[in-house]
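Observations on the three-dimensional arrangement
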Number of protein chains: 2
Amino acid sequence: MNSKKGIPEKTIERLAMYRRLLSGLKEKGLEHLYSHQLAEFTRNTPAQIRRDLMMTGYVSNARKGYTIGDLVKKIDETLAGSQRQKIALVGIGNLGRAILSYFNNQHSALSIVASFDNDDTKVNRVIAGCRCYHIKDLEAKIKEEGIDLAIITVPGHHAQEVAEKLESAGITGILNFAPVPLKLPDSIYSDRIDITTAIEKVAYFASKIRKEL
Amino acid sequence: MNSKKGIPEKTIERLAMYRRLLSGLKEKGLEHLYSHQLAEFTRNTPAQIRRDLMMTGYVSNARKGYTIGDLVKKIDETLAGSQRQKIALVGIGNLGRAILSYFNNQHSALSIVASFDNDDTKVNRVIAGCRCYHIKDLEAKIKEEGIDLAIITVPGHHAQEVAEKLESAGITGILNFAPVPLKLPDSIYSDRIDITTAIEKVAYFASKIRKEL
DNA sequence: ATCACACTGTTAATTATTTCACATAGAATA
DNA sequence: TATTCTATGTGAAATAATTAACAGTGTGAT
Ligand SMILES: NC(=O)c1ccc[n+]([C@@H]2O[C@H](COP(=O)([O-])OP(=O)(O)OC[C@H]3O[C@@H](n4cnc5c(N)ncnc54)[C@H](O)[C@@H]3O)[C@@H](O)[C@H]2O)c1
Ligand SMILES: NC(=O)c1ccc[n+]([C@@H]2O[C@H](COP(=O)([O-])OP(=O)(O)OC[C@H]3O[C@@H](n4cnc5c(N)ncnc54)[C@H](O)[C@@H]3O)[C@@H](O)[C@H]2O)c1
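In this text the structure is predicted, and so the values were computed from the model without any measurement.

Our focus in this paragraph is the interface of chain B and chain A. Every contact between the two is made by 68 residues of chain B and, on the other side, 67 residues of chain A. Carbon and sulfur atoms supply 67% of the area that chain B and chain A bury against each other, a total of about 5,800 Å² over both sides. For chain B, the biggest contributors to the area lost against chain A are B:Ile199, B:Lys201 and B:Tyr204; these three give 11% of the whole. Put simply, chain B and chain A have 14 salt bridges between them. Of all the secondary structure elements, the ones that give two or more residues to the side of chain B that touches chain A are helix H1 (9-27), helix H2 (35-42), strand S3 (85-90), helix H5 (94-106), strand S7 (149-152), strand S8 (173-176), strand S9 (189-192) and helix H8 (195-212) of chain B. Examining the composition of the side of chain B that touches chain A, we find that 17 residues originate from one element, H8(B), more than from any other. For the side of chain B that touches chain A, the residue count by class is 36 nonpolar, 14 polar and 18 charged.

Shown next, in the form of structure tokens:
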């Protein structure tokens, strides 16, 4: 019933964030809130909030604001969060392990069900309930488990090669932490988190602020 | 000589990325490249590249494309990367340690010079050449070392409190990994990396692609 | 020395995102 | 029941970001 054609990327990001925040508030016993309250929590404007929530098709009952439970449910639907999706993580290094142990405690609809490495000393280790397989078994395992998504945390110069393996294994979405843009067909959605760049950006704008004062 | 008023955030991010990529290419012996080559490497359009590089004020010599060395230097200037900035990292957990050991091997103008935790068992440990101090010494240490920036990797419910400590210690830029938006005055630039949200976004668009095919 | 070519720098057009502003709705009050 | 009042949903306006288009330029070929 939802699904116009095309919710903006930025809105999707914010919806995911609203959902997490709202779930937290619900657990604290809060039942209703207004756009300006959510705006306060998330550090943006009430207008933005309303426009974002509009995309979910949820209709509040005006005077009392949004009913948190229903809203969360509606965001779930919108984000297709109702469907379970399985994730593979490739590269059990420092970052990979951090993400693995963090993420699998958090989530419901998404979970990391297998990890891969090319280092034999890591194969068969179990971290956060998730076993590490050798990279050579990647395709078989992904097909066997019906895994849809992947997180890449291998060194930069291996990222493209790993991405291509994931592609031929049938993965449709990749989140890449390696500092290298991936060349992939449009039939795969891929996004990158570039921590170094993010720090450099903070450095730039912080130093700009310092100069202006 | 550069510094119009206000290079867009997105451009700053891309410039930082171009710089890293170009530095790599230079080390491999490449001296010149065209906007369409850099576009190929970074997975975007030549027009975008040219527009971004325009902001640095660098002028290429038409027929041969950009001289990589000079271009990197110009990006350095633009990103104020010439000035050294010191960084503090708060929260030596899984993620904090991963970032610390990664980042301090990488960079020249930016480095993490101190870390902080409230867990006594972590205090005084040295990771990647960086000593961990007790959080109660945060303000003193930051002032003593002249630290400008901070990375927050503490659990969500401590992030705001830590951010406020950083604020009163005089920090002007924060990169926050906790899944909580921070309330801070405009005199501090703060950005957030939200890994969970990023995965959810990939899940959304990947499943959208699957449906459309 | 001249020409032709391929790529740049930049302005203009397009597209995406955010903000504004207001008519509408529906609880609460009397 | 009628009235008031605050917050919503949404078109329209404003702003930001990307893409296209093209005149200009220096290089290498002739
Ligand atoms: N650690 C960080 O905070 C951080 C920050 C920014 C970016 N990154 C990027 O994330 C990636 C991982 O960083 P890290 O610090 O965890 O590195 P790491 O060296 O600790 O881990 C890399 C892991 O990948 C495995 N690996 C290497 N080649 C492989 C292959 N072909 N197939 C499967 N596994 C392979 C290695 O065995 C190792 O376990 C790197 O690309 C790094 O640039 C990390
Ligand atoms: N690990 C990940 O991949 C990941 C992914 C997404 C988000 N995050 C976020 O990053 C943050 C850190 O994650 P983590 O997995 O490293 O957690 P962690 O529990 O391993 O580490 C947290 C560290 O912060 C310290 N700490 C707690 N309160 C503190 C305080 N008041 N002052 C100073 N130090 C304090 C703890 O002692 C611990 O060392 C969390 O907010 C988490 O939500 C982590």
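Now, onward.
Attention now goes to the relation of the copies chain B and chain A. At an RMSD of 0.1 Å, chain B and chain A line up after a rotation of 180° and a shift of 0.0 Å along the axis. Expressed as an axis order, the relation between the two copies is that of a two-fold axis. Relative to the rotation axis, the C-alpha of B:Leu95 is the closest in chain B, positioned 3.3 Å from it.

Looking now at the site of ligand 2. Around ligand 2, the structure places 25 residues, and the nearest of them are B:Gly93, B:Leu95, B:Asp117, B:Lys122 and B:Val154. Looking at what sits near ligand 2, you find residues from chains A and B. Here a nitrogen atom of ligand 2 sits 3.3 Å away from a polar atom, N or O, in the side chain of B:Glu161. For the shell around ligand 2, the secondary-structure elements that each account for two or more residues are helix H5 (94-106) of chain A together with H5 and helix H7 (156-169) of chain B.

Here we come to the protein's contact with DNA strand D. Close contacts around DNA strand D come from 21 residues, with A:Ser35, A:Arg50, A:Arg51, A:Ser60 and A:Tyr66 the closest. In the environment of DNA strand D, a phosphate oxygen lies 2.9 Å from a nitrogen or oxygen atom belonging to the side chain of B:Arg14. In the model, a base nitrogen of DNA strand D is placed 3.3 Å from a nitrogen or oxygen of the B:Arg50 side chain. Contributions of two or more residues to the surface near DNA strand D are made by helix H2 (35-42) and helix H3 (46-54) of chain A together with helix H3 (46-54) of chain B. The element that contributes the greatest number of residues to the surface near DNA strand D is H3(B), accounting for four residues. Here the surface near DNA strand D is built from residues that sort into nine nonpolar, five polar and seven charged.

So, about the packing of helix H1 (residues 9-27) of chain A against helix H4 (residues 68-78) of chain A. Residue and element names in this part refer to chain A. Between H1 and H4, the shortest axis-to-axis distance is 9 Å and the interhelical angle comes to 150°. Comparing the axis directions of H1 and H4 gives the class roughly antiparallel. Where H1 crosses over H4, the handedness of that crossing is left-handed. Facing H1, whose interface residues are Leu15, Tyr18, Arg19, Leu22, Ser23, Leu25 and Lys26, H4 presents Ile68, Gly69, Leu71, Val72, Ile75, Asp76 and Thr78.

Definitions and limits used
- Residues numbered from 1 in each chain as written.
- Chains lettered and ligands numbered in written order.
- Predicted model: local features only at pLDDT ≥ 70, side-chain atom pairs only at ≥ 80, totals over all residues.
- Heavy atoms only, no water.
- Contact = heavy atoms within 4.5 Å.
- Buried area = accessible area lost by both parts, 1.4 Å probe.
- Salt bridge = Lys/Arg side-chain N within 4 Å of Asp/Glu carboxyl O.
- Helix = DSSP H or I, 4+ residues; strand = E, 2+ residues; numbered from the N terminus.
- Nonpolar A, V, L, I, M, F, W, Y, C, P; charged D, E, K, R; others polar.
- Least-squares fit on C-alpha atoms with pLDDT ≥ 70 in both.
- Near = heavy atom within 4 Å.
- Polar contact = N/O pair within 3.5 Å; in protein donor to acceptor, adjacent residues only side chain to side chain.
- Axes fitted to C-alpha atoms, helices over the stretch in contact; angles between N-to-C directions.
- Parallel < 35°, antiparallel > 145°, perpendicular 65-115°, else oblique.
- Left-handed = near helix turned anticlockwise from the far one by under 90°.

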